[in-house]
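# Per-entry structural report
Single-letter residue listing:
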Amino acid sequence: MKSINIKKIDDVSFISIVNNKGLSIVLSTFGASIFQLETIDHLNRLESIVLTPDSLNDFYYSDAYFGKCVGRFSGRINNGVCKIDGKQYVLDKNWNDMHSLHGGKDGISFKNFDYEIKENKEYVDVIFKYLELEDLLPGDVNYKITYRISFLKNEFTIFFNAISNKDTLINLTNHAYFNLSGNIKKTILDHKLKLNCDYYTDLDETLITKEIKPVDKIMDFRRFKKIGKDIFNPQIHDAAYKGYDHCFIRQNKSKNNDVIAILKDPLSKRKLTVKTSYPSIVCYTCNYPANITINGNKINQHQSICLECQYIPNGINMENVNKAIFKANEIYEEYITYQFDN
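In this report, the structure presented in the accompanying data block is examined. Because the structure is a prediction, the values reported are computed rather than measured.

## Here's the deal with the pairing of strand E23 (residues 259-264)
Judged by how many residues are buried, E23 sits mostly within the fold: five of six residues are covered. Pairing analysis gives five bridges linking E23 to strand E24 (residues 271-276), with the strands arranged antiparallel. Across the sheet, the residue bridging to Leu263 is Leu272, located in E24. Connecting E23 to the next strand, E24, in antiparallel fashion are six residues, including Lys269 with a positive phi near 70°.

## A short note on the sheet that holds strand E22 (residues 245-249)
Across the sheet, which stays open at both edges, the six strands sit in the order E17-E28-E25-E22-E19-E20 with antiparallel pairing between neighbours. Pairing within the sheet leaves two strands with one partner each, and these edge strands are strand E17 (177-178) and strand E20 (209-214). The pairing of strand E25 (residues 280-284) with strand E28 (residues 305-310) spans five bridges and is classified as antiparallel. Opposite Ser280, over in E28, you have Gln310 as the bridge partner.

## Focus: empty space enclosed by the protein
Following the criterion strictly, the structure yields two cavities of 30 Å³ or more and no others. There is about 70 Å³ of room inside the largest cavity. Considering the residues around the largest cavity, the lining is formed by 14 residues, among which Leu169, Asn171, Ile312, Asn314 and Gly315 are closest to the centre. Counted by class, the lining of the largest cavity contains eight nonpolar, five polar and one charged residues. For the second largest cavity, the calculated volume is near 30 Å³. Around the second largest cavity, the lining residues are Leu193, Phe221, Ile227, Tyr244, Phe248, Cys283, Thr285 and Ile305.

## Notes on the pattern of salt bridges
The full count for this structure, using the stated rule, is 20 salt bridges. A salt bridge links Glu47 to Lys185; the nearest nitrogen and oxygen atoms lie 2.5 Å apart. Placement of Glu47 in strand E5 (residues 46-48) and of Lys185 in the loop between E17 and strand E18 (192-195) is noted, with a sequence separation of 138 residues between them. Since its relative accessible area comes to 8%, Glu47 is described here as buried. Notably, a salt bridge pairs Asp125 with Arg148, separated by 2.7 Å at the nearest N-O pair. Highlighted residues: Asp125 in strand E12 (residues 123-132) and Arg148 in strand E13 (residues 141-150), separated in sequence by 23 residues. Judged by its relative accessible area of 29%, Arg148 falls in the partly exposed class. Counted as one network, the salt bridges with shared partners bring together Asp202, Lys210, Glu211 and Lys213.

Criteria and thresholds
- Every chain's residues receive numbers from 1 upward, in the order its sequence appears when written.
- Whole-chain, interface and lining totals are the exception, using all residues; otherwise, since this is a predicted model, local features are given only for residues with pLDDT of at least 70 and side-chain atom pairs are given and counted only at 80 or more.
- Side-chain measures were taken over the full set of non-hydrogen atoms in the model, leaving aside hydrogen atoms and water.
- Exposed residues in this analysis have more than 50% of their type's maximum accessible area, buried residues have under 20%, and partly exposed residues fall in between, with area computed by a 1.4 Å probe over protein chains only.
- Numbering of helices and strands runs from the N terminus, with a helix taken as a DSSP run of H or I at least four residues long and a strand as a DSSP run of E at least two residues long.
- Strands are labelled as partners when DSSP assigns at least two bridges between them.
- A cavity here means a set of 1 Å grid points, computed over protein atoms only, where a 1.4 Å probe fits but cannot escape. A pocket is an open set with protein on both sides within 12 Å along at least 5 of 7 lines, and lining residues have an atom within 4 Å of a point.
- Grid points are joined across faces, edges and corners, and a volume is the space filled by probe spheres set on the points.
- Classification convention: Asp, Glu, Lys, Arg as charged; Ala, Val, Leu, Ile, Met, Phe, Trp, Tyr, Cys, Pro as nonpolar; all other residues, Gly among them, as polar.
- For this document, the term salt bridge refers to a Lys or Arg side-chain nitrogen within 4 Å of an Asp or Glu carboxyl oxygen.

Here it is, written out as C-alpha cells:
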C-alpha cells in the first residue's frame, strides 16, 4: 500500500515513500540524498540495495558521500585549480591534499536543503531547494533537485535544475552505493554490468583524467560482463586504482534510448536500468571503503558500485569536451532515472 511519511531528527527531515510495486525509499534533506532504498527480489523479498551507514553522523559527514547529491561539481579537479572566463580559481584540496573532489569540503552534499512534496495519482515529487552563495567559485547558485517516485512503476527519477547569477562550473550527480544482492549478501564482483559507452577516460596515478580513449578489452562493457572479470587486471588494479573509478562516455544518445547502464545480480535476479540525459557515467567499485559499519559490519572493498551520471570529471581543465561551464542565468537541466526489475 503506497504511503508517505516524514520523520524529523533535529533539523534534518527524512521522507519515506512506499509505492504499490515493491519499492521503498527514504530521502533526506541533508545533501538532498537517498538515505535508504529497498526493492523486491525474484522471491518477492523486500531488501536494501544501497549502503547506509549505521551512524547518522557517518551518513551526514563521511567523505564517502553515501547517497548524497554532489555539487557544485562532481569528480576530481586537478590540483584544485580551474579557469572560468579567463580567471583562475583555487579550490579546496579535500582529496589527499592534492585535488578538489565533489564540490570541496563545503559542497552541497553537506548542506541541509529545504523541501516540499507534491503528489498526484501517478507519482510524488519531493523537491529539494538550496541557495549556495559565491565562495571559491563565482556566482550564487540556486539548486532545485526533484525526486519523482512513481506509484505505478518501480522507478524514480532525479531532476537536477540549477541557475547562477554568474558564469560558473556546475556538474551535479548522485552518489548512491548499489548492491543488488539484497542486504549486502555478497560483493558486486558477480554483478553483471552493461554500459552503452564506446569510450572511457584514462587516469593518471592520482585518478585525474589524462585522455579519452576507445574502450579496450578491460574497459569494454558494451555487452554484459561480470564486474569482477577484469577488475584485478594490472591495467586498472594497481596501487592507485584497486578497481574501476573511471568515466565512461557514450558517443551518441538516441532520442528513443537514454539508457546508459544496466546492472544485474544473478543471486537476487534484480536488475537496475539507468537512464540519463548526461553524456557520461563514472563507475566506482568501492575501491577505498570508508571505515564505517553497516548492520554492525565494516564495509569491505568492492561491496558496492556507484553509477554517477555526470559531465566528464575535470573536463573544465581539458580540451574538446564539455567543460560544464554555465553562463549567468543559463538553466542547468539534467536527469537520472533508476528503473528496477526482478
